[in-house]
Amino acid sequence: MQQQKKSQPPAVLNRTRSLGKQQQQKPQQQQQQQQIQQQPKQGFTQLPSQKLTNIKTVDPFSDKSKQKTNSFAYVYNAGGIPCRVNHGCNTMKLQWNQGVEIGHLPYDPLMVTCFEGLVEEAHPYCFIATNAIKDMLNEQNAQEKVIPILAKLVWPLRTALSSQNDKVFMSSLEILKLLSNTIGSHLNSHLKNLLVPLSKRMDKKNQKEIIQDVLRQIQDNGGPDTLKVIKAAIPTYTNM
């Protein structure tokens, strides 16, 4: 005789059906969660404090052996630049090591190395190179120390002025103006080489007037012969 299948109690049947429905709903719930995650966020997308950390910085855990031995970053990490960044509450300042007197520093090779560091884009190298140069050029006896090494400064400065990075270019332009204020007409013999990258930036409206102001300062410092050199490289220049 065939055995008849025992019918399951109603409670078991209901539990089995509910489990089946839950299994069918899981893929739908997962799909809905993915759609929510893919939707663009509204409102604040970042904390206000993140603005202070969105600076391009060097990775402290990167392989330093990959750095070129003649680069500014390599020299700084090796302790060859006697200063560091002092991070204040709202601003950053350059702090020279204790006991350092800027006027007694060897501008060659220190200033030459800092001029080579003008092309650096990562923090803190770009900040240190620019501000170390400013401090050395503003020193009382800077002119007599800069003129003998001027030829070593011009080419790294031109390289930085030729950078496609706007921040690097603007920092280098500021250094060019300060260099002109420091050595005056002694820059004239090298001026032609430094004007080439400036002429390529004159078509940018947000930079043209700044470049014109720097050129006017160079003309005032360089004397009457400077105007011919500037006009030959940048015909659109006007000293008005």
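Remember, predicted model here, so these are calculated numbers, not experimental data.

Chemist: How do you make sense of the pattern of salt bridges when you look at a structure like this?
Modeler: Counting across every chain of the model gives six salt bridges. Two residues, Lys152 and Asp108, come together in a salt bridge whose shortest N-O distance is 2.8 Å. A residue pair is termed long-range when its members are at least 10 positions apart, and Lys152 in helix H6 (residues 150-161) and Asp108 in helix H3 (residues 107-116) qualify at 44 residues. Its relative accessible area of 45% is what places Lys152 among the partly exposed residues. Note that Arg216 is salt-bridged to Glu209, the shortest N-O span being 3.5 Å. The exposure class assigned to Arg216 is buried, which follows from its relative accessible area of 18%. Connected through shared salt-bridge partners, Asp166, Arg201 and Lys204 make up one network.

Chemist: Hey, could you run me through the pairing of strand E1 (residues 83-87) in this one?
Modeler: Consecutive residues of a regular strand have side chains that alternate between opposite faces of the sheet. Across five bridges, E1 lies against strand E2 (residues 92-96) in antiparallel orientation. Along E2, the bridge assignment pairs Asn86 with Lys93. A loop of four residues connects E1 with E2, the two strands running antiparallel in sequence.

What counts, and where the lines are drawn
- Residues numbered from 1 in each chain as written.
- Predicted model: local features only at pLDDT ≥ 70, side-chain atom pairs only at ≥ 80, totals over all residues.
- Heavy atoms only, no water.
- Salt bridge = Lys/Arg side-chain N within 4 Å of Asp/Glu carboxyl O.
- Helix = DSSP H or I, 4+ residues; strand = E, 2+ residues; numbered from the N terminus.
- Buried < 20%, exposed > 50% of the residue type's maximum accessible area, 1.4 Å probe, protein only.
- Pairing = 2+ DSSP bridges.

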